[in-house]
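# Summary of the model geometry
Chain by chain, the residues run as shown.
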Amino acid sequence: WQGFLIGVTDRVETEERLREAEARFRAMVERIPAVTYTDHVGADGITVMGFVSPQVEEILGYPPQRFLERGELWFEIMHPDDLARLRALDAFNNADLEPFEQEYRMRHVDGHWVWVHDTSTAVLDEAGNLDYFLGFLTDVSSRRDAEERLREAELTFRTMVEQNPAVFYIQNIDPDDPTRSLTQYVGPGAEQLTGVPVEQMIADPDLWRTMIHPNDREMVFEADASSNTDGSDRFALEYRMVRKDGSTVWILDEATLIRPENGAPYWQGFQLDITGRKEAEQRLQDAHEHLRVMVDSA
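First things first, this report covers the structure right here in the doc.

So, how was this worked out
Sequence order as written defines residue numbering, which begins from 1 separately in each chain. A pLDDT threshold of at least 70 governs which residues receive local features in this predicted model, and a stricter bar of 80 or more applies before side-chain atom pairs are shown or counted, although totals over entire chains, interfaces and linings include all residues. Calculation of side-chain values draws on the structure's entire complement of heavy atoms; hydrogens and water are dropped beforehand. Strands are runs of DSSP state E lasting at least two residues, helices are runs of H or I lasting at least four, and both sets are numbered from the N terminus onward. Here the expected span of a helix is defined as 1.5 Å times the quantity of residues minus one. Classification of residues uses two cut-offs on accessible area relative to the type maximum, computed with a 1.4 Å probe and protein chains only: under 20% is buried, over 50% is exposed, and between them is partly exposed. Each C-beta atom gives one direction from the helix axis, and the arc is the one those directions make. Any pair of residues with heavy atoms lying within 4.5 Å of one another is described as a contacting pair. Each aromatic pair joins two rings of Phe, Tyr and Trp (for Trp, the six-membered one) with centres within 6.5 Å, and gets the label stacked for planes under 30 degrees apart, edge-to-face for over 60, and tilted for any other angle. By convention a nonpolar core is built from buried Ala, Val, Leu, Ile, Met, Phe, Trp, Tyr and Cys residues, the set being connected through side-chain atoms within 4.5 Å. Site definitions follow a grid-based scheme: protein atoms alone, a 1 Å grid, a 1.4 Å probe that fits but cannot get out for cavities, and for pockets an open set with protein on both sides within 12 Å along at least five of seven lines, plus lining residues having an atom within 4 Å of a point. Grid points are joined across faces, edges and corners, and a volume is the space filled by probe spheres set on the points. When DSSP finds at least two bridges between two strands, those strands are taken to pair. Should a side-chain nitrogen of Lys or Arg be within 4 Å of a carboxyl oxygen of Asp or Glu, the pair is scored as a salt bridge. Fitted lines through C-alpha atoms serve as axes, helices being fitted only where they are in contact, and the angles separating the N-to-C directions of these axes extend from 0 to 180 degrees.

## Examining helix α10 (residues 217-229)
Taking 1.5 Å per residue as the helical rise, α10 with its 13 residues ought to reach 18 Å, and the 18 Å between its terminal C-alpha atoms agrees with that figure. Those residues of α10 that fall on the buried side of the exposure criterion are V220, D224, A225, S227 and N228. Projected onto a plane normal to the axis of α10, the buried residues spread over an arc of 165° and lie on a single side. Of the exposed residues in α10, those oriented more than 90 degrees away from the buried face are E218, E222 and T229. Contacts made by the buried residues of α10 are with β6 (167-173), β7 (181-186), α9 (207-211), β8 (234-242) and β10 (266-273).

Structural data, given as structure tokens:
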């Protein structure tokens, strides 16, 4: 009897430890910020959901039991475009034991779409055969929304830059010679303004200096050097540039010195073609001069 009692006691203690371990595991699974689930493949090759943690209701609005009762619900609420994409990738092939990792949309019970990051790993039994798939699903809607807003902002900025009559640019201050500025970026309108391809300007950061009209170079170079070294935060100047075809264009060049928390300061500015205004001013000046001559001659 003593041996029997010891055996029963050991079994009871083992079962108690097992229950405690299961309780700890369940508590951990139910508290992490992710949905934990298992998929089992039946003898008929059909996958059924064996477990899904309570967090699924917080993310998708459906209680876990709904997914256990209707395994097809998972695919029914998946966005049709994403479902077609994943099927085209053969992502739901149960014979493929490679880790699964995808992001896709699922329809919340209230109708809005939720972006999820889904990872699944095959768990093998002692014989090396598939036992089940263990998966983790997290809500990444906030990140996806932020990425979409960033893409929209970039598109808006790009449209503004490409369609604006002003040519936007970024110039770094030459670390080897602070009196010089080197072109890092120039908008696509620069080619229309100067006739020189944008790629050529970026490939040769010093090229802009050769495009300044000979009569204005000294003035522009002195202003560039001064703005880089005297602590100025603003640059504004009107001068002439010689286009690739040899014609002259007047431009208004304005820039602001950007001082990032990390990294070297750089100039962010724009150039605007003011040739029409300058020519009008010259015609007005010529008219005034002509009138003065007429008055003096009367």
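Text resumes after the structure shown.
## Focus on the packing of aromatic side chains
For any two aromatic rings, the description comes down to two numbers: the centre-to-centre distance and the angle of the planes. Taken as a whole, this structure holds 5 aromatic pairs when the rule is applied. Between F67 and W74, the aromatic rings sit 5.4 Å apart at their centres with planes inclined by 65°, giving edge-to-face as the arrangement. Judged on exposure class, the residue F67 and its partner W74 are both buried. Look at W208 and F221: their rings are 6.3 Å apart centre to centre, the planes differ by 85°, and that puts the pair in the edge-to-face class. Pair noted here: W208 is in helix α9 and F221 is in helix α10, with a separation of 13 residues, a long-range link. Assessed through its relative accessible area of 13%, W208 is described here as buried. Under the relative-accessibility criterion, F221 is labelled partly exposed at 22%. Connected via pairs of aromatic rings, a cluster forms that spans Y37, Y62, F67 and W74.

## Quick look at the nonpolar core
In terms of nonpolar packing, the biggest core is built from 23 residues, with V186, M201, Y239 and M241 touching the most fellow members. Within the residue set of this core, elements represented by two or more residues are β6, α7 (189-194), α8 (198-203), α9, β8 and β9 (248-258). Among residues more than four places away in sequence, those in contact with M201 are T183, V186, A190, T194, V196, L207 and M211.

## Description of the layout of surface pockets
Of the pockets and cavities examined, the largest pocket occupies roughly 540 Å³. If you go around the largest pocket, you meet 27 residues; those closest to its centre are D39, F75, A91, F92 and N94. Broken down by secondary-structure element, the contributors of at least two residues to the lining of the largest pocket are β1 (35-41), β2 (47-52), α4 (73-76), β3 (100-107) and β4 (113-124). Here the lining of the largest pocket takes 4 residues from β4, the largest share from any one element.

## Points about empty space enclosed by the protein
Using the criterion set out here, one finds 1 cavity of 30 Å³ or more in the structure. Put simply, the largest cavity is a space of about 270 Å³. What lines the largest cavity is a set of 22 residues, and nearest its centre among them are Y169, Q171, T183, W208 and Q271.

## Concerning the pairing of β1
With respect to burial, β1 is a largely interior element, 5 of its 7 residues being buried. Of the pairings in the sheet, the one linking β1 to strand β5 (residues 130-139) comprises 5 bridges and is antiparallel in character. The residue of β5 that forms the bridge with T36 is F136. Where β1 folds back on β2, the antiparallel hairpin that results is connected by 5 residues, among which G45 adopts a positive phi of roughly 85°.

## Section: the pattern of salt bridges
Taken as a whole and judged by the stated rule, the model has 17 salt bridges. Notably, a salt bridge pairs E103 with R143, separated by 2.2 Å at the nearest N-O pair. Here R143 lies in helix α6 (residues 141-163) and E103 lies in strand β3, a separation of 40 residues in the sequence. Taking the relative accessible area as the measure of exposure, R143 reaches 35% and is therefore partly exposed.

## Observations regarding helix α5 (residues 80-88)
All of the buried residues in α5 are D82, L83 and L86. Looking straight down α5, one finds its buried side chains confined to an arc of 100°; they lie on one side. Opposite the buried face of α5, at more than 90 degrees from it, the exposed residues are P80, D81 and A88. Turning to α5, the residues buried within the fold contact α4, β3 and β4. Positioned one or two residues after α5, D90 has a phi angle of 55°, which is positive.

## Digging into the sheet that holds β2
Pairing is antiparallel in the open sheet, where 5 strands are placed in the order β2-β1-β5-β4-β3. Either end of the sheet is taken by a strand with one partner, and the two such strands are β2 and β3. Neighbour to neighbour, the strand axes of the sheet diverge by 30° on average, direction disregarded. Relative to β4, β3 runs antiparallel, the two being bridged by 8 bridges. Note on β4: the bridge partner recorded for R105 is W115.

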